[in-house]
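# Coordinate analysis (summary)
What follows is the residue order along each chain.
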Amino acid sequence: MMVPPVNFLTEINILPSDWDSGTWGPSSLNDPTTNHFSQCVRFFPPQNGKVAIVTGGAKGIGYETAKHLSRLGMHVIIAGNHENQGLLSVGKIVKETGNEKVEFMYLELASLQSIRQFVQRFKAKNALLHVLVNNAAVMLVPQRNTADGFEEHFGVNYLGHFMLTELLLDTLKQSGSTDCNSRIVTVSSATHYIGELDLNDLQSRHHYSPHGAYAQSKLALTLFSYQLQQRLAADGSHVTSNVVDPGVVNTDLYKHTSWLFKLCKWLTSWLLFKTSTQGASTVIYVAVSPDLEGSGGSYYANGQKTKSADTSYDEDLQRKLWARSCKLVGILEHRQCAS
């Protein structure tokens with residue numbers, strides 16, 4: 001079905017005068033108390049005929065991203081590991097947007113086998129893929145391993161998305177064109193600024209800290225996204241790779257925190273935390289904005305390009321992490337280098 005252009009000013013009940021008067025603009029993106037829909041307060045062109053995959057798209061930032069991409073006319077695939085919740089989210093999105101091209105596909109990022117099966121099922125559809133949003137994550141979980149023996153933060157947040165992206169890359173390349181690149185949007189976090197990547201202990205076996213493991217996984221995602229962009233540019237692919245920091249968002253990622261933190265969060269979330277809609281705004285901007293056509297290798301926060309951690313620009317570290325990741329998931333590195 002054809003979906004008309006979306007006026008986010010109307011949808012979120014923001015008056016054009018708010019923008020024109022200067023009370024709303026890029027600077028206000030830094031204010032978590034605002035109810036505005038951040039950088040998406042503008043017209044985005046219809047995305048009819050395009051296909052997007054959003055990992056963790058059944059709730060939180062992923063759900064808001066999936067919903068707004070659907071409203072723009074995309075065929076959206078919600079990839080997640082809770083089928084009932086996923087199907088409920090599909091129903092809600094279809095009802096809210098009127099776009100029936102929304103579906104749920106099972107994906108367990110903690111299992112390499114599940115990732116391969118997901119990609120096989122997707123490719124069996126013979127569909128194109130224009131946008132891949134690597135959004136799903138776990139945060140501050142107790143020390144435990146994935147089905148393949150990887151520390152859970154590193155395995156789910158980083159390695160799972162590394163493998164998923166690698167296996168979908170050929171479809172993304174086939175779907176992109178000179179004037180309309182396919183886009184890979186990887187959701188990182190400001191915690192990557194304090195992250196440390198120990199190539200000799202990526203699984204945090206020598207010393208485990210939930211905060212440290214989470215920060216490491218987000219730093220790894222940023223390193224990966226930059227290295228991916230370099231490789232895509234080197235072979236002339238019509239695909240871009242960018243990183244997004246959604247900000248401090250009020251989602252259920254905090255379920256593994258202490259009761260005291262949860263109490264403080266409950267008391268202050270209205271003041272200090274963004275809503276899921278606000279958190280998703282920069283993700284959506286990077287996924288569809290015409291302003292970013294053909295532009296990759298950048299880090300976006302609050303609707304603007306910004307600088308990530310100094311470590312993330314270390315090209316030698318990027319290459320070493322890439323090689324180690326290929327080995328861990330059983331992919332030959334030269335396959336990517338030559339593609």
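Going by the structure above, here's the rest.
Residues numbered from 1 in each chain as written. Predicted model: local features only at pLDDT ≥ 70, side-chain atom pairs only at ≥ 80, totals over all residues. Heavy atoms only, no water.

A tally of regular secondary structure across the protein chain gives eleven helices and ten strands. Looking at the protein chain residue by residue over its 339 residues, the buried ones come to 56%. In the protein chain, the share of contacts with a sequence separation of at least 24, taken over all contacts with a separation of at least 6, comes to 75%. For the protein chain, the exposed surface amounts to about 14500 Å²; the carbon and sulfur share of it is 55%. (Helix = DSSP H or I, 4+ residues; strand = E, 2+ residues; numbered from the N terminus. Buried < 20%, exposed > 50% of the residue type's maximum accessible area, 1.4 Å probe, protein only. Contact = heavy atoms within 4.5 Å. Areas by Shrake-Rupley, 256 points an atom, 1.4 Å probe, with all protein chains shown as cover.)

What follows concerns unusual backbone geometry. The residue Asn-126 is not glycine, and still its phi comes out positive at about 55°. Taking relative accessible area as the criterion, Asn-126 reaches 71% and is therefore assigned exposed. Even without a glycine there, the phi angle at Asn-302 is positive, about 55°. Given the relative accessible area of 18%, Asn-302 is considered buried.

Before going further, it helps to spend a moment on the packing of aromatic side chains. One pass over the full model with this rule turns up nine aromatic pairs. Ring geometry for Phe-162 against Phe-224: centres 5.5 Å apart, planes inclined by 65°, an arrangement best described as edge-to-face. Placement of Phe-162 in helix H6 (residues 152-175) and of Phe-224 in helix H7 (residues 210-234) is noted, with a sequence separation of 62 residues between them. Each member of the pair, Phe-162 as well as Phe-224, carries the same accessibility label: buried. (Phe/Tyr/Trp six-rings, centres within 6.5 Å; stacked < 30°, edge-to-face > 60°.)

Turning our attention to the environment of Glu-196. Locating Glu-196 in the fold gives a position in the loop between strand E7 (182-187) and H7. Assessed through its relative accessible area of 67%, Glu-196 is described here as exposed. C-alpha separation for the pair Glu-196 and Ser-217, spaced 21 residues apart in sequence, amounts to 9.2 Å. The contact partners of Glu-196, leaving out residues within four places of it in the chain, are Gln-216 and Leu-219.

So, on to the sheet that holds strand E8 (residues 239-245). One open sheet accounts for eight strands, arranged E5-E4-E3-E6-E7-E8-E9-E10; its pairing is mixed. Of all strands in the sheet, those bounded by a partner on one side alone are strand E5 (102-106) and strand E10 (304-306). If you compare each strand with its neighbour and ignore which way they point, the axes differ by 25° on average. Here helix H4 (residues 83-97) sits on the sheet in contact with strand E4 (75-80) and E5, set at roughly 170° to E5. Together, E7, E8 and strand E9 (299-301) form the strand contacts of H7, whose direction differs from that of E8 by roughly 160°. (Pairing = 2+ DSSP bridges. Axes fitted to C-alpha atoms, helices over the stretch in contact; angles between N-to-C directions.)

Moving on, we get to the pairing of E8. Side chains on a regular strand alternate between the two faces of the sheet. For E8, the tally of buried residues reaches seven of seven residues, placing the bulk of the element in the interior. Each parallel crossover has a hand, and for E7 linked through H7 to E8 it is right-handed. Sheet analysis places E8 next to E9, joined by three bridges and oriented parallel. Residue pairing in the sheet places Val-244 in a bridge with Tyr-300 of E9. (Right-handed = clockwise from strand over helix to strand, strands pointing away.)

The next point concerns the side chain of Ser-114. By the secondary structure assignment, Ser-114 is in helix H5 (residues 112-123). Of the residues examined, Ser-114 reaches a relative accessible area of 6% and is grouped as buried. Apart from the residues within four sequence positions on either side, Ser-114 is in contact with Tyr-106, Leu-107 and Glu-108.

Another aspect to go through is the environment of Ala-301. Assignment of secondary structure puts Ala-301 in strand E9. Residue classification places Ala-301 among the buried positions, given a relative accessible area of 14%. Residues Ala-301 and Ser-281 lie 20 residues apart in sequence; the distance between their C-alpha atoms is 9.8 Å. Residues in contact with Ala-301, not counting those within four places in the same chain, are Asp-245, Thr-282 and Thr-306.

What follows deals with the packing of H7 against helix H10 (residues 315-329). Packing of H7 against H10 brings their axes to within 9 Å, and their N-to-C directions diverge by 95°. Relative to H10, H7 is oriented roughly perpendicular. Across the interface between the two elements, Ala-220, Leu-223, Phe-224, Tyr-226, Gln-227, Leu-228, Gln-230 and Arg-231 of H7 pack against Glu-315, Leu-317, Gln-318, Arg-319, Leu-321 and Trp-322 of H10. (Parallel < 35°, antiparallel > 145°, perpendicular 65-115°, else oblique.)

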